[in-house]
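If you want the building blocks of each chain, they are given just below.
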Amino acid sequence: METERVTTLTDVHKNTIRAISTIKYFIARRKFQKAREPYDVCDVIEQYSQGHLNMMVQIKICSNDTDNEDSGGSKAPCGT
């Protein structure tokens, strides 16, 4: 037969739990506000340019691969 265990929290325990919850709240709020900050325009443009450059390189590789296939060479398609 199981005995029921009832644990009563002391005021010290309750205050500790409240403090930890409050700290977690403020950390979550700070992270949320950080996520809502507007992006740096220069950073966004740089990332876009880098992505565009990578895309152009992949297109060139695919183009070269298809040219090689047309000329009889065998290569994995599109740089893979």
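A few points on the structure. (Residues numbered from 1 in each chain as written. Predicted model: local features only at pLDDT ≥ 70, side-chain atom pairs only at ≥ 80, totals over all residues. Heavy atoms only, no water.)

**As for the overall build of the protein**
Summing up its helical and strand segments, the protein has 2 helices and 0 strands in all. Taking all 80 residues of the protein together, the buried fraction comes to 1%. (Helix = DSSP H or I, 4+ residues; strand = E, 2+ residues; numbered from the N terminus. Buried < 20%, exposed > 50% of the residue type's maximum accessible area, 1.4 Å probe, protein only.)

**Regarding a nonpolar patch on the surface**
There is a patch of nonpolar side chains on the surface, built from Met55, Met56 and Ile59 and spanning about 280 Å² of accessible area. Here Met55 lies in helix α2 (residues 41-70). Among the residues examined, Met55 registers a relative accessible area of 43% and is labelled partly exposed. (Patch = residues over 30% accessible without salt bridge, like charges linked within 9 Å, V, L, I, M, F, W, Y side chains within 5 Å. Areas by Shrake-Rupley, 256 points an atom, 1.4 Å probe, with all protein chains shown as cover. Salt bridge = Lys/Arg side-chain N within 4 Å of Asp/Glu carboxyl O.)

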